[in-house]
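# Notes for the structure review
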Amino acid sequence: MLFLLDAGQRALADTLHAMLSAADTPAAVRDWSRGDHTRGRALWSRIAEVGVFGLAVPEEYGGAGPHPVELAVAFVELGRHAVPGPLAETVAAAVLLAEPPLAERFLPGLAAGTDMATVAAPGGCALDGDAASLRLVPAPDGLCLSTAAPGPVRRSLDPARRLTALSPAGELLTPDAPYDRALTWTRLATAAQALGVGLALLDRTVTYVRQRTQFGVPVGSFQAVKHRLADAKTALEFARPLLFGAAVSLRPAEVAAAKLTACEAAYRTARTALHLHGAIGYTAEYDLSLWLSKARALRSAWGTPEECRDLVLTDGL
Amino acid sequence: MGGTGRKAAIVDLTHSPADEEFRAAARSWLAAHVPRTPLPSLETEEGFAAHRAWEAELAADRWSVVSWPERFGGRDAGLLRWLVFEEEYWAAGAPGRVGQNGVSLLAPTLFAYGTEEQRARVLPPMATGEVVWAQAWSEPEAGSDLAALTSRAVRADGGWRLRGQKTWSSRAAFADRAFGLFRSDPDAPRRHEGLTYLMFDLRAPGVTVRPIGRLDGKPAFAELFLDEVFVPDEDVIGAPGQGWRIAMSTAGDERGLTLRSPGRFLASAARLRELWRARGAPEHARARVADALIAARAYQLFTYAAASRVLDGARLGPESSMNKVFWSELDLALHETALDLLGADGELADGAWSEGYVFSLAGPVYAGTNEIQRDIVAERLLGLPKGRR
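All of these numbers come straight from a predicted model, not from anything done at the bench. (Residues numbered from 1 in each chain as written. Chains lettered and ligands numbered in written order. Predicted model: local features only at pLDDT ≥ 70, side-chain atom pairs only at ≥ 80, totals over all residues. Heavy atoms only, no water.)

## Some thoughts on the overall build of chain A
Scanning chain A from terminus to terminus reveals 11 helices and 9 strands. C-alpha atoms of chain A, sized along the principal axes, occupy 65 × 45 × 35 Å. For chain A, the proportion of its 317 residues judged to be buried stands at 61%. Put simply, 72% of the contacts in chain A that link residues at least 6 apart link residues at least 24 apart. (Helix = DSSP H or I, 4+ residues; strand = E, 2+ residues; numbered from the N terminus. Buried < 20%, exposed > 50% of the residue type's maximum accessible area, 1.4 Å probe, protein only. Contact = heavy atoms within 4.5 Å.)

Below you can see the structure in the form of structure tokens.
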């Protein structure tokens with residue numbers, strides 16, 4: 001028993017944080033929101049170079065995985081920088097396509113970042129169908145590779161999430177893909193991303209309330225402000241061990257608990273961040289909006305709070 | 001975790017075989033000894049005596065203070081095994097711990113700042129429940145602002161004389177001895193200086209104990225009136241005047257790992273789920289029951305992470321304040337949900353959840369109010385500027 005990240009895991013986080021901080025990620029997010037994927041794809045390649053997409057892919061197919069703890073570490077950083085694109089969906093695809101002969105055909109491209117995959121949610125839309133090179137559709141016959149053009153883009157509350165309907169018309173890849181396992185990994189990635197979103201919101205808000213003065217003092221010296229931030233900090237710090245505990249066990253109920261808790265903590269932090277920034281926080285122009293809107297969208301992606309709670313109550317923790 | 005050229009992951013949530021053996025031994029002892037019917041309330045004279053006898057039973061087989069050194073009645077169990085013991089203890093439905101104040105507040109202080117003579121004299125009877133300790137921190141004008149305390153310790157031949165008033169002294173109605181802070185140098189330049197940490201006998205001449213009924217009327221705490229109470233030098237912990245620093249390290253322990261172990265909340269959350277199912281799994285409580293299960297697990301894993309940092313050589317700091325807020329709110333939410341599930345019977349004072357509910361109501365207040373903890377989180381973890389409280 002030792003529940004600590006090791007030096008390599010911490011180094012992975014540091015590497016990604018440094019790379020994404022230097023990459024002007026907010027500009028890539030804004031381009032992506034307008035359907036201009038150029039900068040986003042460049043960012044995707046650099047994330048792939050660090051090895052992030054290989055963490056869900058076994059070595060024989062060009063990855064380094066499976067490494068769920070490292071995946072969680074990496075996705076916290078991707079969330080912290082509001083990186084756009086079908087990130088969790090590409091993890092889903094790697095798990096769905098993990099069996100030969102599909103694995104030989106698809107996994108190397110996913111691990112290398114040359115392919116960007118999306119997966120249609122059951123009965124719903126797919127994230128960034130207009131950007132993805134692999135569009136997967138779970139259909140009654142099995143998992144299909146959609147070759148039809150994706151439907152028109154529907155805007156999400158998070159402008160960086162562009163949703164499209166996918167047609168199952170195309171190639172039937174396999175009659176029985178490991179959907180449950182894929183959902184577990186996707187939820188883990190989403191939970192990590194949400195935690196990162198929450199940490200970024202907290203960080204930016206702490207910086208803001210230390211600088212913003214009213215009545216001659218920083219607003220961060222007021223107890224009403226401090227206590228909201230203390231609650232956000234506490235919620236995020238208690239989500240963190242659930243996330244890494246879930247990454248270790250990969251038990252669906254544990255992952256659902258982590259997903260619920262990280263998303264709720266991030267959303268609560270988003271509400272606090274919005275409020276404590278005052279009117280400037282309510283503008284699209286200010287970069288805070290990139291994280292504010294994502295916190296809401298991730299809350300219902302790949303498992304609503306109620307779906308997650310049901311799993312906890314049925315399977316136990 | 002697979003992969004070549006990588007060392008084994010540090011993130012490892014499995015207990016060692018030796019720790020699992022320890023768990024099995026605790027479980028089997030508890031299965032054989034835990035009273036079949038719950039003891040009377042700890043906050044009554046009869047219940048206090050029954051809980052004291054239970055401590056003696058635990059101590060007879062060295063299960064009362066597993067983390068202490070063997071020479072004081074423990075098992076040298078270490079942090080992880082203590083957590084394992086606590087999981088088994090509460091899962092077994094074992095009684096509340098009457099010696100909690102002494103074991104989780106005074107004992108860590110003695111281990112850190114006491115003399116070997118003090119440890120040898122004070123700890124063994126604490127371990128058996130022969131001497132039960134009350135805490136004497138708060139005063140009528142010193143609550144959250146503890147450094148405002150005015151009770152005096154005045155130098156006397158061979159010791160000190162205590163004079164003043166303490167209040168909200170948990171367990172003092174039936175306990176034997178108490179520990180707390182007293183102002184020994186009223187002329188010290190800062191009010192956090194000139195305080196001395198002392199132990200004293202609640203039956204010494206000059207001590208008047210006036211029990212206070214908590215919300216349900218049970219005398220869970222007391223006022224202490226101290227009128228020239230003599231305390232020998234041997235009952236001063238650390239150097240005179242150093243009491244604040246010493247007490248704050250104890251307060252850190254209280255909020256941190258040792259006051260409320262995760263095992264307690266895991267057991268309560270499991271009981272809550274049983275209750276929910278027994279009541280037909282009503283929809284209105286579904287989310288709250290799930291959230292209680294998740295929060296108890298989060299608290300367990302948070303604690304394992306904190307224990308791992310300690311084992312890795314770190315010291316726990318202001319993060320303990322997040323702990324205090326989290327467990328006290330969880331405890332309250334758990335009990336409120338249970339009462340709601342009981343429907344109209346929820347108001348009955350003899351129900352299985354009522355005593356715990358009344359106890360949980362005090363959680364956000366004692367051991368440093370949750371507002372004080374949030375200030376600490378904001379100022380010391382987030383770096384926000386100090387301001388008016």
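What follows picks up the thread again.
## Topic: the domain arrangement of chain A
All names here are of chain A. What the domain assignment reports for chain A is domain 1 (7–177) and domain 2 (180–315). At the junction of the two partners, domain 1 supplies 36 residues and domain 2 supplies 33 residues. Among the residues domain 1 hides against domain 2, the three largest losses belong to Arg30, Val76 and Val95. Together they make up 20% of the total. Linking domain 1 with domain 2 are 2 salt bridges. Between Arg30 and Asp287 there is a salt bridge, with the nearest N and O atoms lying 2.9 Å from each other. Taken together, domain 1 and domain 2 are joined by 7 residue pairs in polar contact (both at pLDDT 80 or more). Elements represented by at least two residues in the side of domain 1 that touches domain 2 include exactly α2 (25–33), α4 (68–80) and α5 (87–96). (Domains from an automatic or database assignment. Buried area = accessible area lost by both parts, 1.4 Å probe. Salt bridge = Lys/Arg side-chain N within 4 Å of Asp/Glu carboxyl O. Polar contact = N/O pair within 3.5 Å; in protein donor to acceptor, adjacent residues only side chain to side chain.)

## Regarding the domain arrangement of chain B
Residues and elements named next belong to chain B. The domain boundaries assigned to chain B delineate domain 1 (17–98), domain 2 (133–243) and domain 3 (256–381). Of note, the centres of domain 1 and domain 3, computed from C-alpha atoms alone, are 21 Å apart. Listed per partner, the contact involves 10 residues of domain 1 and 15 residues of domain 3. Contact between domain 1 and domain 3 buries roughly 1100 Å² in total, counting both sides, with carbon and sulfur atoms accounting for 72%. For the pair domain 1 and domain 3, the number of links is 0 salt bridges. Applying the counting rule to domain 1 against domain 3 returns 4 residue pairs in polar contact (both at pLDDT 80 or more). In the side of domain 1 that touches domain 3, the residues fall into 6 nonpolar, 1 polar and 3 charged. (Nonpolar A, V, L, I, M, F, W, Y, C, P; charged D, E, K, R; others polar.)

## Observations concerning the state of the cysteines
For the structure on display, the rule yields 0 disulfides over all chains. Summary of cysteine pairing: Cys263(A) is not part of a disulfide, and the nearest cysteine sulfur, belonging to Cys308(A), is at 7.4 Å. (Disulfide = S-S within 2.5 Å.)

## Here we look at the sheet that holds strand β4 (residues 142–146) of chain A
Residues and elements named next belong to chain A. Taken in spatial order, the 4 strands of this open sheet run β1-β3-β4-β7, and their pairing is mixed. Unpaired on one side and paired on the other, β1 (117–119) and β7 (170–174) mark the two borders of the sheet. Averaged over all pairs of adjacent strands, the angle between strand axes in this sheet comes to 30 degrees, irrespective of strand direction. Strand direction decides the pairing type here: strand β3 (residues 134–139) and β4, joined by 4 bridges, are antiparallel. Looking at β4, one finds that Pro138 is bridged to Leu143. Packed on one face of the sheet, α5 meets β1, β3 and β4 and runs near 85 degrees to β1. (Pairing = 2+ DSSP bridges. Axes fitted to C-alpha atoms, helices over the stretch in contact; angles between N-to-C directions.)

## Overview of helix α8 (residues 223–249) of chain A
All names here are of chain A. For α8, built from 27 residues, the straight-helix expectation of 39 Å at 1.5 Å per residue is met to within 8% by its first-to-last C-alpha distance of 39 Å. Counting buried positions along α8 yields 21 of 27 residues, so the element is predominantly enclosed. Leu250, located one to two residues past α8, shows a positive phi value of around 55 degrees. (Expected span 1.5 Å × (residues − 1).)

## Some remarks on the nonpolar core
The biggest cluster of nonpolar side chains holds 166 residues, and the ones touching the most others in it are Ile47(A), Phe75(A), Leu97(A), Leu136(A), Leu201(A), Leu229(A) and Leu243(A). Examining the composition of this core, we find that 16 residues originate from one element, helix α7 (residues 179–211) of chain A, more than from any other. The residues contacting Leu243(A), other than those within four sequence positions of it, are Ala72(A), Val76(A), Leu188(A), Ala191(A), Ala192(A), Leu195(A) and Ala258(A). Leu105(B), Leu106(B), Ala142(B) and Ala247(B) belong to the second largest nonpolar core, which has 27 residues in total. (Core = buried A, V, L, I, M, F, W, Y, C linked by side-chain atoms within 4.5 Å.)

## Digging into the packing of aromatic side chains
Under the defined criterion, the tally for this structure stands at 25 aromatic pairs over all chains. On the numbers, 3.8 Å between centres and 5 degrees between planes, the contact of Phe238(A) with Phe326(B) is stacked. Here Phe326(B) lies in helix α9 (residues 320–341) and Phe238(A) lies in helix α8, a pairing that spans two chains. According to the relative accessible area criterion, Phe238(A) is buried, its value standing at 1%. Taking the relative accessible area as the measure of exposure, Phe326(B) reaches 17% and is therefore buried. Linked through ring pairs, Phe238(A), Phe265(B), Tyr299(B), Phe302(B), Phe326(B), Trp327(B), Phe359(B) and Tyr366(B) together constitute an aromatic cluster. (Phe/Tyr/Trp six-rings, centres within 6.5 Å; stacked < 30°, edge-to-face > 60°.)

## Side note on the sheet that holds strand β2 (residues 126–127) of chain A
All names here are of chain A. Strand order in the open sheet formed by 3 strands is β2-β6-β5, with antiparallel pairing between adjacent strands. Lying at the two open borders of the sheet, with one neighbouring strand each, are β2 and β5 (154–155). As paired strands, β2 and strand β6 (residues 162–164) are joined by 2 bridges and run antiparallel to one another. Bridging across to β6, Leu127 finds its partner in Leu163.

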